[in-house]
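# Report on the structure
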Amino acid sequence: MTQADAAYSKLMKHQGLDHFAIAVPSTEDALKIWRDRLGFPVVCSEVVNGGAIRLTHLDLGNTHLQLVEPLSPDHPLHAWLAQNGPGLHHFCFKVADVGISHAELVAAGLAPASPAPHQGTQGKRALFLSKGATQNVQVEITGA
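This section reports on the structure supplied with the text. Quantities reported herein were computed from a predicted structural model and do not represent experimental measurements.

## A look at the overall build of the protein
The helix and strand tally for the protein stands at four helices and eight strands. Reading the protein from its N terminus to its C terminus gives the helix and strand order α-β-α-β-β-β-α-β-α-β-β-β. Here the C-alpha radius of gyration of the protein, 16 Å, is about what a compact globule of 144 residues would show, namely 15 Å. Counting the 144 residues in the protein, one finds 38% classified as buried. In the protein, once contacts between residues fewer than 6 apart in sequence are set aside, the share between residues at least 24 apart is 55%. Of the side chains in the protein, 10 bear a positive and 12 a negative charge, and the two mean positions are spaced by 2 Å.

## Brief notes about the pairing of strand S3 (residues 53–59)
Along S3, five of the seven residues are buried, which leaves the element largely enclosed by surrounding structure. From the end of strand S2 (residues 42–48) to the start of S3, which pair antiparallel, there are four residues, and Asn49 there has a positive phi angle of about 55°. Examined bridge by bridge, S3 and strand S4 (residues 64–70) share seven bridges and lie antiparallel to one another. Bridge assignment links Asp59 to a residue of S4, and that residue is His64. Counting the residues in the hairpin turn of S3 and S4 gives four residues, including Gly61, whose phi is positive at 105°.

## Focus: the nonpolar core
For soluble globular proteins, the rule of thumb is that nonpolar side chains tend to be buried together. The biggest cluster of nonpolar side chains holds eight residues, and these are Ala21, Ala23, Val48, Ile53, Leu55, Val68, Leu77 and Leu81. Beyond its immediate sequence surroundings of up to four residues, Ile53 is in contact with Glu46, Val47, Val48, Val68, Glu69, Pro70, Leu71, His75 and Leu77.

Criteria and cut-off values
Residues numbered from 1 in each chain as written. Predicted model: local features only at pLDDT ≥ 70, side-chain atom pairs only at ≥ 80, totals over all residues. Heavy atoms only, no water. Helix = DSSP H or I, 4+ residues; strand = E, 2+ residues; numbered from the N terminus. Rg over C-alpha atoms; globule rule 2.2 N^0.38 Å. Buried < 20%, exposed > 50% of the residue type's maximum accessible area, 1.4 Å probe, protein only. Contact = heavy atoms within 4.5 Å. Lys, Arg positive; Asp, Glu negative; His and termini not counted. Charge placed at Lys NZ, Arg CZ, Asp CG, Glu CD. Pairing = 2+ DSSP bridges. Core = buried A, V, L, I, M, F, W, Y, C linked by side-chain atoms within 4.5 Å.

The following block contains the structure:
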């Protein structure tokens, strides 16, 4: 086992996939596809981070689909949507404690994208990993 393998085995004590997220300019328009046409039920919909973003979760059976709509005019997701259009934005692992996972990631040299967790849905905290550490794949962790 390499040193990197040993470090990884101690990291990301994940509990599976929490959700994958699609960035959308309009939650209502996206629901016409994912809820109304495909039949995935809405689990919850919340405005978080001081009114900056709406997160809507749909139940896919073994995981959730999260619709991510930027609400504040200066939210960086607007630029992302302008460049990419609606589409897959990130996937997210469940962890028991985001704070512990954050410290473990930093210790292993996997810098998170921000210095502290942000508010997720249903009272969870969440943290994005630096895309430089994940070959440009947007990865989030969420938990208590």
